Structure formats: C-alpha cells, structure tokens
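Topology and contacts: notes
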Amino acid sequence: MISAAENEWQSLAPDGTKVQYFDQCGSTNSLATEAGAKGLPGNTWFVAGKQSAGKGRRGNAWLSETGNLYSSYLARPAVLISELATLPYLVSLAVRDTFIALGCKSESVQCKWPNDVLINEKKASGILIESNAGSGMKCDFIVIGIGLNLKNFPPDARFPATSVLDETSSLVKVTAAFRVLSRALQQRIDSWRPNDVGSMIEEWRACGWGIGMRREIRTNNESFFATLEGVDDTGGLSLRLDDGTMRCLYAGEVFGPPINH
Ligand code: BTN
C-alpha cells in the first residue's frame, strides 16, 4: 500500500521515474546503493526529510537537518565506468539550473570543481556520485546523491557555506525543490552523450568558479597554489603551476584565493 506522502512525492518526479520517500533515514545514498546491489531497476529516487548519517565526499559527514533536500537517484546507464568521468559536470549543471529556477540570479550561481555549486561564492549544495562496475568494466549502476541547502547550512564548513534562504530571503519548500531538481537532472541525463561532452564542458567552464585565477589546491597528500586554466574533455582540471608547468588534476579540492601571496 503506497502512503499519501509517497504518492505526493511520486507526483513531483518526471514520468518514467519512481520515488521512495522516507521521513528519516541514515543516508539516501546508502539506501540507493543497497537497492542497486539488490537489482532494483534504475530511474528511482530516494528522498528523505532528514538523514542521521549523511555522507559527504572524501569521507566527510553531511549535516542533514530538516528543511533541506536530501535525495539520491539510482540509474543504470548503458555506459562504461570510464565514461562516467564527466558526469559530475552534468550533475552540477543540473543543480545550477535548479537554483536559478528557484529564484537565484544566474550570475550568482557558479560551479566549483569538481562538483560543488556555489551561490554568491558560498557552497549551497553537495553532490556525491557513487558507481558500481558490472562485467567488462561496464557500469552496473550509479547513485547520484544531491543535497540542496534550502534552509540550513553548517556554520563551520571548511569552505564557506550558505542556503537559498540566506541568499534570496525565500524559504523554498523541499517538495518544490525536488520537483525542479528531478526534472532538471532528467533533462540533462536525456541529452547526455558521454563521448561528446565538449559543449557541456564549455557550459560548465563559463560558470566555473575561479577559472583563470590562482587558487589553493588540496589533494590527499599535498597542498599547493596554481592557476585554474579550465577543464578538459576527460574531466580533468588543468592547472598552471607557479613554475609555468601544466598539470591535470582528477581528484582533490579547490579553496579560496591565497592570502597575501
Ligand atoms: C559533499 O561532500 O559535498 C557531498 C555531499 C552529498 C550529500 C548528499 S545529501 C543526499 C545524499 N545522501 C548522502 O548521504 N549524501 C548525499
């Protein structure tokens, strides 16, 4: 028997997708991953009002109080695992589309490498993409986890954070945000050509935060300053080091401008 809440959430998502709604769970990404491993068909959203064990990138926790959107999309794209490298750009652009549709000024919404979306230079969403390989390096399933800071944000985050409420003075309902996000992501996925990503990368670059600027780069084992030159079609971030040499980065994080350097 489908509950009234589940019916309401189902009516918000685009045709051809299913929604499982939970008032509370550990992590929507974990729910979607467990379902994927058990063979649940793709095109299924997992949404929660609150998470007790929200997962962030690089093993961080994701603070998940009521009022924000916590959602994960389980998909089974017919692609190779290697073709997923540029998916973070697609997802960040869908989140950017969402913030703009929810009332943020387009020039205020930027994408920060690899997949953060900023409003007025502060982080307003989190994206965590997890994938599972099938045979022959084909993708079995992916889980696209998206958190939107509609109302709350952590005050002590490593990179300054914000919410739609703080930036626009409007409190957006979680259901309204999900309606917009699920459609924006669907549109982007429908037009995704993993081997022809030039125009998508170009679009990302045009709203990319810090492109052309000298920024701090942190990886698992080092921290240095470099100028962000752009993103290539393989998904790597091109960096110009201070000695003029070029380097391509596939994992790490970008932080604010160097202070008095
Ligand atoms: C980041 O560190 O920036 C990524 C955060 C991703 C958070 C979202 S909230 C919905 C989904 N469920 C999770 O446990 N994580 C993602």
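Everything here concerns the structure above.
Just so we're clear, the structure is a prediction, and the values are computed from it rather than from any experiment.

**As for the overall build of the chain**
On a plain count of helices and strands, the chain comes out with 6 helices and 12 strands. A compact globule built from 261 residues should have a C-alpha radius of gyration of about 18 Å, and the chain, at 18 Å, falls within 12% of that. Based on the C-alpha atoms only, the size of the chain along its principal axes is roughly 65 × 50 × 30 Å. The buried share among the 261 residues of the chain stands at 49%. Long-range pairs, those at least 24 residues apart, make up 65% of the contacts in the chain between residues at least 6 apart in sequence.

**Here's the deal with the site of the ligand**
Around the ligand, the surrounding shell holds 20 residues, and the nearest of these are Ser-27, Gln-51, Lys-55, Arg-57 and Lys-123. With respect to the ligand, the backbone of Arg-57 contributes an N or O atom lying 2.7 Å from an oxygen atom. Between Lys-123 and the ligand, the recorded distance is 2.5 Å, taken from a side-chain N or O atom to an oxygen atom. Relative to its unbound accessible area of 420 Å², the ligand is 97% covered by the protein chains.

**Concerning the layout of surface pockets**
Size it by volume and the largest pocket reaches roughly 540 Å³. Lining the largest pocket are 32 residues, and of these Gly-56, Asn-60, Ala-61, Trp-62 and Lys-123 lie nearest its centre. Contributions of two or more residues to the lining of the largest pocket are made by α2 (28-37), β3 (69-75), β6 (122-133) and β7 (139-148). Counting residues per element, the lining of the largest pocket draws most heavily on β6, which supplies 4 residues.

**Things to note about empty space enclosed by the protein**
Inspection of the entire model under this criterion finds 1 cavity of 30 Å³ or more. Of the voids in this model, the largest cavity is the one considered here, and its volume is about 40 Å³. Considering the residues around the largest cavity, the lining is formed by Leu-63, Glu-65, Asn-68, Tyr-70, Asn-149, Asn-152, Phe-153 and Pro-154. Each residue belonging to the lining of the largest cavity can be placed in one class, and the counts come to 4 nonpolar, 3 polar and 1 charged.

**A few points about the sheet that holds strand β10 (residues 237-241)**
Within a beta sheet, neighbouring strands are joined by backbone hydrogen bonds and run either parallel or antiparallel to one another. Reading across the sheet, the 5 strands line up as β11-β10-β9-β8-β12 and stay open at both edges, with antiparallel pairing between neighbours. The sheet is open, and its two borders are formed by β11 (246-249) and β12 (253-255), each paired with just one other strand. Here the strands of the sheet are splayed against their neighbours by 50° on average, with no regard to which way each runs. By the bridge criterion, 5 bridges tie strand β8 (residues 214-218) to strand β9 (residues 223-231) in an arrangement that is antiparallel. Within β9, the residue paired with Arg-218 across the bridge is Ser-223.

Conventions and cut-offs
- Residues numbered from 1 in each chain as written.
- Predicted model: local features only at pLDDT ≥ 70, side-chain atom pairs only at ≥ 80, totals over all residues.
- Heavy atoms only, no water.
- Helix = DSSP H or I, 4+ residues; strand = E, 2+ residues; numbered from the N terminus.
- Rg over C-alpha atoms; globule rule 2.2 N^0.38 Å.
- Buried < 20%, exposed > 50% of the residue type's maximum accessible area, 1.4 Å probe, protein only.
- Contact = heavy atoms within 4.5 Å.
- Near = heavy atom within 4 Å.
- Polar contact = N/O pair within 3.5 Å; in protein donor to acceptor, adjacent residues only side chain to side chain.
- Areas by Shrake-Rupley, 256 points an atom, 1.4 Å probe, with all protein chains shown as cover.
- 1 Å grid on protein atoms, 1.4 Å probe; cavity = no way out; pocket = protein on both sides within 12 Å on 5 of 7 lines; lining within 4 Å.
- Points joined across faces, edges and corners; volume = space filled by probe spheres on them.
- Nonpolar A, V, L, I, M, F, W, Y, C, P; charged D, E, K, R; others polar.
- Pairing = 2+ DSSP bridges.
- Axes fitted to C-alpha atoms, helices over the stretch in contact; angles between N-to-C directions.

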